[in-house]
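Spelled out from the first residue to the last, the chains are:
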Amino acid sequence: MEVAIKVPLHRSFDYCLPASVNAEDIAVGMRVRVPFGNRQLSALVVKIKNQSEFASNKIKPIIEVIDRAPILDASHIELLKFTARYYHYPLGETIFTALPKALRVGEDIDKTSINYLQLTEKGKKLPTLRAKKQQSLLSQLAKSGKSPVTEVKALGFTKATIDAIIDKELAEITIEFSSQWRNAPLTVSSKPKLNSEQAIACSSINQSNGYASFLLEGVTGSGKTEVYLQCLEEVIRKGQQALVLVPEIGLTPQTVNRFRRRFPDTPIMLWHSALTDNERLQTWRFCQKGSCAIVIGTRSAIFMPFLKLGMIIVDEEHDSSFKQQDSLRYHARDLGAYRAQQHSIPLVMGTATPALETLHRALEGRYHLLSLTQRAQTSTDNHYQLIDIKGQHLESGLSHASLAYIKRELGRQKQVMVFLNRRGFSPSLICHECGWLSNCPRCSTSATYHKSMRRLVCHHCGEQSAPPMQCPDCGSTQINPVGCGTEQLEEALSEQFPEVAISRIDRDSTRKKGSLEEELERINQGGARILIGTQMLAKGHHFADVSLVIILDVDAGLHSCDFRATEHLAQLITQVAGRAGRSGEPGTVLLQTHFPEHPLLQDLVNNGYQHFARYALSERQDTDLPPYTHLALLRAEAHDLSLVLRFLSDLVPATPVPKIQLLGPIPAPMERVAGKFRYQLHIQGEDRGALHAYIGQMVTYLSNNKLAQKVRWNLDVDPIDMM
């Protein structure tokens, strides 16, 4: 038999059966325990064969068979084989990356169970409680229905709070879902009437026969989620399952609440990093046995097994969170397309700002393009205004015009959002006398000053130190912050508007479990009038009272060595701007910039993202950049720069390779991180097949290269981050 083992080798291994195991007891997709060197490892059987290229006395017998039946079917193994081939990653590591941890270490697949919390009949009456946390938990369960206990804890509710409402007989613990939902009539709560564009989109998706990919290009607030829900209704009626991919765990609770309200008797499960190993295994099994109808999860949910998969939905398909940035560098959206084709089912990708690669496929006719241009809440679009800040005095990054707008909207009892994608108090400290900067000693960047912690923190390697009282170079005490972060912005706005409640949402302010959900709840209840935040605040959240959005530091994305920088900037601006104007009247969006005449900003403000994206595609075509060519990135890093350069230079052939262009070795945009020098080799090809053939030869060469053992290297196919 041929097995895959979790080792960094691009090959599988042959083992034989001991006399104590019958051939009928083994099948493809089962786990076995095998000797490997001086260790015993779990392995997955990927092929049954009678002969081997190796001599029989060289083939070791397996130690034991772990499973009584296959844990992966043939189609799932083929998905994982494709993933390993496409991303040039070892098959064994690919398979075991996709499995829950409990299965990776050889535990019994039917060993565990999940506890669910749900309201009793008494609890459904939502009695008023003195304890705010208990009252909040009752409200959450009323919105979400039956929820795993770990999901409830991830929202910030403690065991004491859960036990308290159980003791009061307001909630109860149940064990698991039943698979009888497939034979029961579907219960659907009240739903809004679709507008003409939504109706056309739903009809197109529901009438598709077999595999079809749809790009749902809808402006922010156009009702894409409603299209998802009404399409899923048809899938569930047929007794089929659906996978809904969302970019971040922060979006999952609000998404699942809406889905559970629409389908109150339909089993819906979550898949994300906050689940325990026990719950991940049981979610995997429920999904595999057909005990749940819908799985809502982050990118790794693409590897979930389904009994009868009927549809895949990728919400905010442009989001970079769908791309794994270490180990197996897969893209969940792209694997979703392969998996939909494999199962002959529809794939629906929704976004207001499609990735240029996805839009290109839609414009070529490989995907069906469905447009939603009508906002559900307002009949007119938000009003954009470019604020020229050249020569202006800024108050912690805010211009006088922006402050005047904030004062006006607060006077109208509206909420204001100020977006700055930089946490901390300031990006650096500087000596006013000699120009010394608080650079990180291990990275090619500065250490960020966090005033609340009184620390200098490198956001790349985590190095921390106390800010100096005197300049290390000249001894001056005139050390001042340079630039602005969300912490400084909060302090400045508190001084400008002392009577106004302010909420800051970034990675620093939401470290505590459940704090993000608490803050979002506070915002939606009108507790905070000024919202300050980074990218965390921009993605998919609904704030009904926000009428003004101010985006600071727009210029950071206009000048970058990454060819995708302008695309990401346009997506970010559009997504952040979409938080305004959701209460029935158009909102105002201010963009502070030193370059108001820049063609990108002018195009985006005057014509919208749809026009910008199509123009950006023409630029990509003129410059032979993806999606018109195909790209892979070989990264290498080591403490010794000469080793990195020798390693990458050794991979550059003396003569040009047909259909392949190589660029490098070149330094990464951030050349040094955590004391290691980082360089890259760009591999670009007009033909995808030729590119993969070349990369395959390179990986084979590297497996026998002694230098490859002295540097840390990785291969990124279809990279979205050039760092």
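Refer to the structure presented above.
Predicted, not measured: the structure shown is a model, and the values here were computed from it.

1. Details of the nonpolar core
Core analysis: the biggest nonpolar cluster contains 112 residues, and I95 and F647 have the highest contact counts within it. The element contributing the most residues to this core is helix α17 (residues 599-622), with nine residues.

2. Observations regarding the pattern of salt bridges
Pairing between side chains of opposite charge can happen when the charged atoms of each approach one another. Under the definition given, this model contains 32 salt bridges. The salt bridge partner of R412 is E409, with a shortest N-O separation of 2.6 Å. By relative accessible area, R412 is classed as partly exposed at 38%. With its nearest N and O atoms 2.7 Å apart, the salt bridge here joins E490 to R504. Taken together, the residues span a long stretch of sequence, with E490 in helix α14 (residues 486-496) and R504 in strand β23 (residues 502-505) at a distance of 14 residues. Several salt bridges converge on common partners, so that one network encompasses E637, K676, R678 and R712.

3. Quick look at helix α11 (residues 332-343)
In this model, α11 (12 residues) spans 16 Å end to end at C-alpha, consistent with the 16 Å of a helix rising 1.5 Å per residue. Among the residues of α11, those classed as buried are A332, R333, D334, L335, G336, A337, R339 and A340. Taken together, the buried residues of α11 touch α1 (74-86), β10 (241-245), β13 (309-315), β14 (346-351) and α12 (356-363). With its phi angle positive at about 55°, S344 sits one or two positions after the end of α11.

4. Some remarks on the sheet that holds strand β1 (residues 2-5)
Strand order in this open sheet of five strands is β2-β1-β4-β3-β5, and the pairing throughout is antiparallel. Two strands in the sheet have a free side with no partner beyond their single neighbour: β2 (13-14) and β5 (64-65). As judged from the two bridges shared by strand β3 (residues 31-36) and β5, these two strands associate in the antiparallel manner. Residue pairing across strands places R33 opposite E64, the latter belonging to β5. Each of β1 and β4 (39-47) is contacted by helix α2 (residues 91-98), which is oriented at about 65° to β1, the strand it contacts most.

5. What to know about the pairing of strand β9 (residues 212-218)
For β9, the tally of buried residues reaches seven of seven residues, placing the bulk of the element in the interior. A two-sided burial pattern is seen for β9, the buried positions comprising A212, F214, L216 and G218 on one face and S213, L215 and E217 on the other. Sheet analysis places β9 next to strand β15 (residues 368-372), joined by five bridges and oriented parallel. When the sheet's bridge partners are listed, G218 is paired in β15 with L372.

6. Remarks on the packing of aromatic side chains
Within a pair of aromatic rings, the relevant descriptors are the distance that separates the centres and the angle that separates the planes. Under the criterion given, the structure shown has eight aromatic pairs. Ring plane angle 75° and centroid distance 4.9 Å describe the contact between Y86 and Y87, whose orientation is recorded as edge-to-face. Of the two residues, Y86 and Y87, both sit in the buried class. Both rings, one in Y609 and one in F612, keep their centres 5.6 Å apart while their planes meet at 50°; by these two values the pair is tilted. Here the residue Y609 and the residue F612 both occupy positions in helix α17, the gap between them amounting to three residues, near one helical turn. By relative accessible area, which is 2% here, Y609 ends up buried. Pairwise contacts between aromatic rings join F82, Y86, Y87 and Y338 into one cluster.

7. Brief notes about the sheet that holds β14
Read across the open sheet, the seven strands follow the order β11-β12-β10-β13-β14-β9-β15; overall the sheet is parallel. Across the chains shown, the open sheet's two edge strands, defined by having one partner strand only, are β11 (268-271) and β15. The sheet shows a mean angle of 20° between the axes of neighbouring strands, direction not considered. Looking at chain direction, β13 and β14 are connected through four bridges and run parallel. Across the sheet, residue D315 finds its bridge partner in β14, namely G350. Lying over the sheet, helix α8 (residues 224-237) contacts β9, β10, β12 (294-297), β13, β14 and β15, oriented at roughly 170° with respect to β13.

8. Some remarks on unusual backbone geometry
Here the residue pair P626 and P627 is connected by a cis peptide bond, since its omega of 15° sits within 30 degrees of zero. Relative to the helices and strands, P627 resides in the loop between α17 and β27 (630-638). Of the consecutive residues G664 and P665, the connecting peptide bond is found in the cis state with omega at 5°. Position of P665 among the secondary structure elements: in strand β28 (residues 660-673). Unlike most non-glycine residues, Q413 shows phi in positive territory, near 65°. When you line up the elements, Q413 lands in the loop between α13 (400-411) and β17 (415-419). By relative accessible area, which is 58% here, Q413 ends up exposed. A positive phi angle, near 65°, is found at K659, a position not held by glycine. Its place among the elements puts K659 in the loop between α18 (641-649) and β28. For K659, a relative accessible area of 57% gives the class exposed.

Conventions and cut-offs
- Residues numbered from 1 in each chain as written.
- Predicted model: local features only at pLDDT ≥ 70, side-chain atom pairs only at ≥ 80, totals over all residues.
- Heavy atoms only, no water.
- Core = buried A, V, L, I, M, F, W, Y, C linked by side-chain atoms within 4.5 Å.
- Buried < 20%, exposed > 50% of the residue type's maximum accessible area, 1.4 Å probe, protein only.
- Helix = DSSP H or I, 4+ residues; strand = E, 2+ residues; numbered from the N terminus.
- Salt bridge = Lys/Arg side-chain N within 4 Å of Asp/Glu carboxyl O.
- Expected span 1.5 Å × (residues − 1).
- Contact = heavy atoms within 4.5 Å.
- Pairing = 2+ DSSP bridges.
- Axes fitted to C-alpha atoms, helices over the stretch in contact; angles between N-to-C directions.
- Phe/Tyr/Trp six-rings, centres within 6.5 Å; stacked < 30°, edge-to-face > 60°.

Everything listed here is a matter of geometry and, on its own, says nothing about what the molecule does.
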